[in-house]
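# Chain and residue survey
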Amino acid sequence: MMNNSKNLVEMKNIHKCFGKVVALKGVDFQVGNNEIVGLIGDNGAGKSTLIKILSGVYPPTRGEIYIRGEKISNRRYSVRKAHELDIETVYQEKALGEKQSLWRNIFIGRQISNFFGFINIKKEKEETDKIMKELIGFRGAGVSADSLVGKLSGGERQGIAIGRAMYFNANLIILDEPTAALSAKEVSKVLNFIRKIKESRRSCIYITHHIADTYSVSDRFVFIDRGEIIGEYKKSEISLEEITEKLLMVSAGNSGKEIDS
Amino acid sequence: MNVRNNKISLLRSKGFRTYAVVLVYIVLMGIFMITAPRAFLDYKIYMAFLSTIPFSLVMALGLTFVIIAGEIDLSFTAVMAFSGFIFTYIFIHTGSTILAFIASLTAGLVAGFINGIIIAKVKVPSIIATLGTQFFWAGLAVVISSGRSLIINEIRPSFMYKIFVGRIGGIVPAQAAWAFGLAIILSFILNKHRFGESAMFIGDNRDTARMMGVNVDRALIQIFMLSGVLAAFASVLLACEMVTWWATQGPGFLLITIAAVFIGGTSIYGGEGTIFGTVVGAFIVGSITAGIVASGVGGFWTQLVVGLVLLSAVFINTFVSKRGR
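All of the points below concern the structure found in this document. (Residues numbered from 1 in each chain as written. Chains lettered and ligands numbered in written order. Predicted model: local features only at pLDDT ≥ 70, side-chain atom pairs only at ≥ 80, totals over all residues.)

### Focus: the packing of helix H4 (residues 43-68) of chain B against helix H13 (residues 251-263) of chain B
Residue and element names in this part refer to chain B. With their axes 9 Å apart at the nearest point, H4 and H13 run at an angle of 55° to one another. Taken as axis vectors, H4 and H13 run oblique relative to one another. Crossing hand, H4 versus H13: right-handed. Every residue of H13 that contacts H4 at Phe 55, Ser 56, Met 59, Ala 60, Leu 63, Thr 64 and Ile 67 is listed here: Phe 253, Ile 256, Thr 257, Ile 258, Ala 260 and Val 261. Along the lines of polarity and charge, the residues of the contact of H4 with H13 split into 10 nonpolar, 3 polar and no charged. (Axes fitted to C-alpha atoms, helices over the stretch in contact; angles between N-to-C directions. Helix = DSSP H or I, 4+ residues; strand = E, 2+ residues; numbered from the N terminus. Parallel < 35°, antiparallel > 145°, perpendicular 65-115°, else oblique. Left-handed = near helix turned anticlockwise from the far one by under 90°. Contact = placed C-beta atoms within 7 Å. Nonpolar A, V, L, I, M, F, W, Y, C, P; charged D, E, K, R; others polar.)

### Topic: the interface of chain A and chain B
Frequently, the measure chosen for interface size is the accessible area that the parts lose on association. Taken residue by residue, the interface counts 22 residues in chain A and 17 residues in chain B. Here the side of chain A that touches chain B gets 3 residues from one element, more than from any other, and that element is helix H2 (residues 79-84) of chain A. Its residues assigned to classes, the side of chain A that touches chain B shows 9 nonpolar, 7 polar and 6 charged.

### Focus: the sheet that holds strand E2 (residues 21-32) of chain A
By definition, the strands of a sheet pair up through backbone hydrogen bonds, in either a parallel or an antiparallel sense. All names here are of chain A. Taking strand neighbours across the sheet as the criterion, the 4 strands line up as E2-E1-E4-E5 in an open arrangement whose pairing is antiparallel. The sheet terminates laterally at E2 and strand E5 (70-71), the two strands that pair on one side only. Examined bridge by bridge, strand E1 (residues 7-18) and strand E4 (residues 62-67) share 5 bridges and lie antiparallel to one another. Bridge pairing in E4 places Met 11 opposite Ile 65. (Pairing = 2+ DSSP bridges.)

### Comments concerning the nonpolar core
If you look at the biggest cluster of nonpolar residues, it comprises 166 residues, and the most contacted ones within it are Tyr206(A), Val58(B), Met59(B), Phe82(B), Ala234(B) and Leu237(B). Looking at this core element by element, the count peaks at 18 residues for helix H12 (residues 216-242) of chain B. (Core = buried A, V, L, I, M, F, W, Y, C linked by C-beta atoms within 7 Å. Buried ≥ 20, exposed ≤ 12 C-beta atoms within 10 Å, placed from the backbone.)

### Here we look at the environment of Ile102(B)
In this fold, Ile102(B) is placed in helix H6 (residues 97-121). For the pair formed by Ile102(B) and Phe87(B), sequence separation is 15 residues and the distance between their alpha carbons is 8.4 Å.

Below, the structure written as structure tokens:
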């Protein structure tokens, strides 16, 4: 259900500390309805921490989160709650249980189960087969609902994670470095998937190091560095070259070098 | 290359490991039938196994969930000693088996809950946390009993005595039926219930489990409570069978129960394991003592042989799963 509030997600003055390490220092971040946001920053800049807070993996140390205009209780927020609010995240790595079968990986946390908590295995396997054929496009090739994730290639694993996000039909899909382990052909599939998100009037946060990929699909770019937002640009305001330059400057700054302007 | 991969995946498959552990048991029984035919060709020794193995088997069932979740519980035998004390003490003072039974299971649940809180919330590694609670519960049992044994001959005529440790058809020990019944239920729970799936994902990769929406802390607390309540149930079976409670009953069960789980093929790295394997593992460990003594080799050899079987089982499992990576 869409409502009239301007932004789908509104994060205000988010702080996150891990012990003495400050990962985020007062971040303001928004995602509009039907908007694709490219979140750009160097390794360790705070991208993953920010989206893990939005996905309910950790609570923020301080700050407010509004989803569809409604304030979220930081203490009660969880991954399950995020799923209920139609927020789905595809993580960059290790987001699947290696020793478990594909069908368990698709449904873990949201099992098709009866009142007593027993899982309808037959139904979960059938749905997994459907996801593989219709959403991901796995055909034959020795991969089945019973295959163990540990035996799949990086691309196949990412496909499973993305297929899961598509299946649960989330309103906001967060992709954290989804193309890191993929071949060029698989990357273009992911980009098509993001275009589909846009066409179906949903929203997406896309995190990647591949600036050209982000540029082709995003509506807006947000730069994050050392736990702070250092710039936000609409696509019309910035060119691909300027983004690349900005990212290089940020990484150079982080490695302690000066850049001549 | 392909042939090699196929071979490895065959070796890695759950089916093969389960098959291997059954094979080990059959070979072991075969050896004992040759070395001690008088004992091992008579049905009575198998009835003896069905009478003694259920105590460690019931505890091994709970421990299987703990180890699949990538944790360890060293306190369950102390919980057994403590909740066994509660059972006998309340029975002696009230004469009610039901009350004693409920109080004993409650003690087990509370002990498991405390383990769970220390591990999931305070984040103390389970090996240290449960080492501490092991000393605590075993110590508490000794202190409040002043180290004296309790004898409950009066329980023999009770209904509970008959259904827990009576002899079905005059031959088969009832505790075996309870242990097998629990094994079947827990096998369903491990494979087909959300609880079992949570245990497997937590043991596989805790961060992943959390990111996928598993309530890791709650599941861990429940897993340790399961281990605690099963230890309490084992204590009731043991108290009924022996008609006695004694303060130092725990330690003798600790290592053989842990060994049973690992011999049964549960991964030392967590994330996978089977209840069926644990059942067979408990029978392997439980039969070795009797087999060695009956073969005339001498009881001193028992530990050495259990150690060798355990090392080989863990070696094979580790080797097979490393090769597959």
